[in-house]
Amino acid sequence: MSEPQAAPTADRSWLLEAFKGLGCLLIVVHHLAFYGPMADVVAQAWPRLMAWLDAHGRLAVQVFLVCGGYLTANSLAKLGTLSPLQCCRLGLKRYLRLAVPLLAALSLTVVVTELLRPIFNHDSLSPPPDLGQALAHVFLLQHVWGMDGLSAGVWYVAVDVQLFMSAVLLTWLAQQVQTRWPALSQRQWLEWWWYVLVAVSWWWWNRHPGLDDWNLYFLGAYGLGWLAHASRQGHRRTLHMGALLLLCAVAWHLEPRWQVVTACSVAICLAAAPQSCLSGQALTVGPLRSMMGWLSQISYSVFVVHFAVSLVVNALVSHWWPADLTANAWGMMASVGLSILAGATLHAQVERPMATGRRWVFWAACFMASAVLAMQLKQML
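Residues numbered from 1 in each chain as written. Predicted model: local features only at pLDDT ≥ 70, side-chain atom pairs only at ≥ 80, totals over all residues. Heavy atoms only, no water.

Student: So what exactly am I meant to see when it comes to the pattern of salt bridges here?
Tutor: Once their charged atoms are close, side chains differing in charge can pair, the charge on each being opposite to the other. Applying the stated criterion across every chain yields a total of four salt bridges. Of the charged contacts in the structure, one is a salt bridge between Glu114 and Arg117, with a shortest N-O distance of 2.5 Å. Of the two residues, Glu114 and Arg117, both sit in the buried class. A salt bridge links Glu191 to Arg187, with the nearest nitrogen and oxygen atoms 2.7 Å apart. Within this pair, Glu191 and its partner Arg187 are both found in helix α8 (residues 186–203), separated by four residues, close to a single helical turn. (Salt bridge = Lys/Arg side-chain N within 4 Å of Asp/Glu carboxyl O. Buried < 20%, exposed > 50% of the residue type's maximum accessible area, 1.4 Å probe, protein only. Helix = DSSP H or I, 4+ residues; strand = E, 2+ residues; numbered from the N terminus.)

Here it is as structure tokens:
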């Protein structure tokens, strides 16, 4: 992990870093507002702010989805012809990269939850896991199997893997189709298919909440990121941006949702921004740029570990100062800061080293052991 004062390299996008860094902060604060109870006390003084964070803070997910689609398109565009074996390897690599930090964070979360339960009787505490539920989390199948997540945001990690594999398989399929029907290039086939998938997702799948455990529900935002990247590769950027706006306008007409506006706005920014904004040359290096780049780097680790941190701070503040506005306001700010520090530690110790099969086995075993320990603590405490 780069130190906080280290400058981002010149080829990194400060615009993507800003989206990821600010989105990371927003999702942490959203979960604080959503799960309380510190936010319930603070809402007495700032009801509108807490209500907005509760209801709309999750829009940060749309930012992550669009950025994820853009970055996936960028990485796959650099690869040559894909074989089925390479597709499997890419999928496994993505799973390991996301699963290892998640399993480490979950190992902490399930134990912390049981240690806090005697002094913090709150709905935000997940019930003690059973072995089947823990095993489902190891393979990111908990929501597909109808089980509750043991931490906030676990569902997103599972969906991210699904979306990535969809992009890989679609790229492979475009290569196969292009060899049979070479009138269109691989890039053109992909663009047409992504336009169709984005339209179907926003206009139909995303309007059915029962599908929100599957990639179909989120393909609209993810595909907008892909198409934003595609628009920068050709000579018809204005036409592409017009098509993106039309897709989103129809989606808004069918069902007005702020998710559509957020995802479309981020995609248009990525498509229309000057190249300097996406190559690290637009801003001179400074403390703010360095800090945002650092926060962007550790954003995933912060995302998976912040829930455990917020549980601890919520429990302590609620136990000692249950109705004190100042203490609860400072508690929320402390929770954000401690979440960033915990995420930085997790990134340095767990996420940054290469995610190998051996390390996955280690952390999967740690998580299963933590789940067993949590079940024992439930009986003892």
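Student: Explain the layout of surface pockets here, please?
Tutor: It is the rolling of a water-molecule-sized probe over the atoms that shows where space remains empty. Its volume calculated, the largest pocket comes out at about 1,700 Å³. Forming the walls of the largest pocket are 45 residues, and the residues nearest its centre are Lys20, Leu71, Ser75, Arg94 and Arg97. Listed by contribution, the elements that provide at least two residues to the lining of the largest pocket are α1 (14–35), α4 (60–77), α5 (84–116), α7 (154–180), α12 (287–320) and α13 (325–351). Element by element, the count of residues in the lining of the largest pocket is highest for α4, at nine residues. Grouping the constituent residues of the lining of the largest pocket by class yields 20 nonpolar, 13 polar and 12 charged. By volume, the second largest pocket is sized at about 800 Å³. His31, Tyr35, Arg58, Trp155 and Asp212 are the residues nearest the centre of the second largest pocket, which is lined by 33 residues in total. (1 Å grid on protein atoms, 1.4 Å probe; cavity = no way out; pocket = protein on both sides within 12 Å on 5 of 7 lines; lining within 4 Å. Points joined across faces, edges and corners; volume = space filled by probe spheres on them. Nonpolar A, V, L, I, M, F, W, Y, C, P; charged D, E, K, R; others polar.)

Student: How should I be thinking about the packing of α4 against α7 in this particular structure?
Tutor: The description of two packed helices rests on the angle between their axes and on the distance between the axes. The contact between α4 and α7 brings their axes to 11 Å, and the two run at 30°. Here α4 and α7 pass one another in a crossing that is right-handed. Contacts between α4 and α7 involve Val61, Phe64, Leu65, Thr72 and Leu76 from the first element and Trp155, Tyr156, Leu163, Phe164, Ala167, Val168 and Thr171 from the second. Tallied by class, the residues present in the contact of α4 with α7 amount to 10 nonpolar, two polar and no charged. (Axes fitted to C-alpha atoms, helices over the stretch in contact; angles between N-to-C directions. Left-handed = near helix turned anticlockwise from the far one by under 90°. Contact = heavy atoms within 4.5 Å.)

Student: Any chance you could explain helix α6 (residues 131–138) here in plain terms?
Tutor: Every α-helix winds through 3.6 residues per turn, so residues three or four apart in the chain are directed the same way. Residues Gln133, Ala134, Ala136, His137 and Val138 constitute the buried set of α6. Residues of α6 that are buried sit in contact with α5, α7 and α14 (357–380). At the exit of α6 stands Leu140, carrying a positive phi of roughly 60°.

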